[in-house]
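Here is what each chain is made of, one letter per residue.
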Amino acid sequence: MNVTLAKTAGFCFGVQRAVDTVYEIIHRELQKPESQRKQIYTYGPIVHNETVIDKISSFGVKILNDEEDLKALTDGIVIIRAHGVPKLVYEILKERNIETIDASCPFVQKIQKLANKHTSEKEKVFIVGNPDHPEIIGIMGWAEGSIYAVPDIESAEKLPEGNGEKIVVLAQTTFNTDKFKQIIEILKKKFYDVNAINTICNATFERQAEAKELARRSDAMIVIGGSSSSNTKKLYEICKDQCPVTQLIQTVHDLNFSYDGAIQNVGITAGASTPKEIIEEVQNYVRNEF
Ligand code: F3S
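Conventions and cut-offs
Residues numbered from 1 in each chain as written. Predicted model: local features only at pLDDT ≥ 70, side-chain atom pairs only at ≥ 80, totals over all residues. Heavy atoms only, no water. Pairing = 2+ DSSP bridges. Helix = DSSP H or I, 4+ residues; strand = E, 2+ residues; numbered from the N terminus. Axes fitted to C-alpha atoms, helices over the stretch in contact; angles between N-to-C directions. Right-handed = clockwise from strand over helix to strand, strands pointing away. Salt bridge = Lys/Arg side-chain N within 4 Å of Asp/Glu carboxyl O. Buried < 20%, exposed > 50% of the residue type's maximum accessible area, 1.4 Å probe, protein only. Expected span 1.5 Å × (residues − 1). Contact = heavy atoms within 4.5 Å. Polar contact = N/O pair within 3.5 Å; in protein donor to acceptor, adjacent residues only side chain to side chain. Core = buried A, V, L, I, M, F, W, Y, C linked by side-chain atoms within 4.5 Å. Patch = residues over 30% accessible without salt bridge, like charges linked within 9 Å, V, L, I, M, F, W, Y side chains within 5 Å. Areas by Shrake-Rupley, 256 points an atom, 1.4 Å probe, with all protein chains shown as cover. Arc of directions from axis to C-beta.

(A) Region of interest: the sheet that holds strand 4 (residues 77-80). Read across the open sheet, the 4 strands follow the order 3-2-4-5; overall the sheet is parallel. Strand pairing shows two members of the sheet lacking a second neighbour, strand 3 (62-64) and strand 5 (99-102), which therefore form its edges. Within the sheet, the average angular offset between the axes of one strand and its neighbour, ignoring direction, is 30°. Pairing analysis gives 3 bridges linking strand 2 (residues 40-43) to strand 3, with the strands arranged parallel. From the neighbouring strand, Tyr43 faces strand 3, where its bridge partner is Leu64.

(B) Up close: the pairing of strand 5. Two strands pair when backbone bridges link them, and strand 4 and strand 5 are joined in this way by 4 bridges, in the parallel orientation. Counted as the bridge partner of Ile79 is Ile101 from strand 5. A crossover links strand 4 with its parallel partner strand 5, the connecting element being helix 4 (residues 87-95), and its sense is right-handed.

(C) Representation of the pattern of salt bridges within the structure. For the coordinates displayed, the defined rule picks out 12 salt bridges. For Glu29, the salt bridge is made with Arg28, and the minimal N-O distance between the two is 3.2 Å. The residue Glu237 makes a salt bridge to Lys179 at a minimum N-O spacing of 3.9 Å. Of this pair, Glu237 sits in helix 10 (residues 230-242) while Lys179 sits in helix 8 (residues 177-189); the two residues are 58 residues apart in sequence, bridging distant segments of the chain. By relative accessible area, Lys179 is classed as partly exposed at 35%. One network of salt bridges, in which partners are shared, links Arg28, Glu29, Lys32, Lys38 and Glu99.

(D) Inspection of helix 8 at higher detail. Between its first and last C-alpha atoms helix 8 spans 19 Å; for 13 residues at 1.5 Å apiece the expected length is 18 Å, and the two agree. Here helix 8 has its buried residues at Thr177, Phe180, Ile183, Ile184, Ile186 and Leu187. Those residues of helix 8 that are buried lie in contact with strand 6 (124-128), strand 7 (147-150), helix 7 (153-158), strand 8 (166-171), strand 9 (193-196) and helix 9 (202-216). Its side-chain oxygen 2.9 Å from the backbone nitrogen of Asp178, Asn176 forms the N-cap of helix 8. One or two positions beyond helix 8, positive phi appears at Phe191, with a value near 65°.

(E) Representation of the environment of Val108. Within the secondary structure, Val108 sits in helix 5 (residues 106-120). For the pair Val108 and Thr199, spaced 91 residues apart in sequence, the C-alpha to C-alpha distance is 8.6 Å. Sequence-distant contacts of Val108, that is, excluding residues within four places in its chain, are made with Ala82, His83, Gly84, Glu135 and Thr173.

(F) Geometry of the nonpolar core. Core analysis: the largest hydrophobic core is formed by 26 residues, its most contacted members being Ile222, Ile224, Leu255, Val282 and Val286. No other element matches the 5 residues that strand 10 (residues 220-224) contributes to this core. Core analysis: the second largest hydrophobic core is formed by 20 residues, Ile25, Ile26, Ile46 and Ile53 among them.

(G) Looking closely at a nonpolar patch on the surface. The grouping of Met1, Tyr285 and Phe290 at the surface amounts to a nonpolar patch, some 270 Å² of accessible area in total. Note that Met1 resides in the segment before strand 1 (2-5). We classify Met1 as partly exposed; its relative accessible area is 39%.

(H) Expanded view of helix 11 (residues 276-289). For helix 11, which comprises 14 residues, the first-to-last C-alpha distance of 20 Å matches the rise-based estimate of 20 Å (1.5 Å per residue) to within 8%. Of all the residues in helix 11, the buried ones are Ile278, Ile279, Val282, Gln283 and Val286. Projection of helix 11 onto a plane perpendicular to its axis shows the buried side chains occupying an angular sector of 130°, all on one side. Facing away from the buried side of helix 11, by more than 90 degrees, are the exposed residues Lys276, Asn288 and Glu289. As for helix 11, its buried residues are in contact with strand 1, helix 2 (50-57), strand 10, strand 11 (246-249) and strand 12 (265-270).

Here you go:
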């Protein structure tokens, strides 16, 4: 059996940066005498991967879940997660004089700035992505005026006619490029005057393109990633489209393939927040067991 691991599998630049930042701060605090160490928090999980979170938690890092948690803080260090947060979170932390370390991905920060700029200039902004995802909640929290989430093609089709109205369209960093293009076309057909700014992250684009190509020539595909990772779910959809025998797993223990002689080529890819140890474990298991 041939096992091929996608070159783009695993941590992207933004996730690596966020995780490294957490360990730098842990290291920095551990250098201090115990009495002077500060409690380290992340606002929301730093990345969407349970294994990464468990490891960070084992060093005593705690997760703050909402504004109430933030408002209850009197001390400590808060690290902002890779997906970013609404402007209000920075304001609350500043007001409370809490040391804040910003580990939000620069590509996400760029979208936050665009949302802020265009809404400040009184333009209507559409953000294509899942409105329940922390990245989109964060981006929408930087708007100074009208901003609307368009989660999918069906929602774009349901929008009212544009009558020539000017709009700016941005995208969640992990959105599917083909679907983004389709949504732009739908908006144009509805007579919106569209200024589309493709803010899909290049790391996402490359990962999706490679996964699609790998799945196309594989008899079975394994996609590894956290249960709440949006980019992993999208990778799974893309692979499943090309290769019906595609399985989404979090760790090697979830693997449930019954390989038979018909399966000669197995492809493996992984979401942007999947640690390399997990990928290696899966890869070794498949190579050795089948
Ligand atoms: Fe940033 Fe792109 Fe990763 S937006 S967090 S580098 S997928």
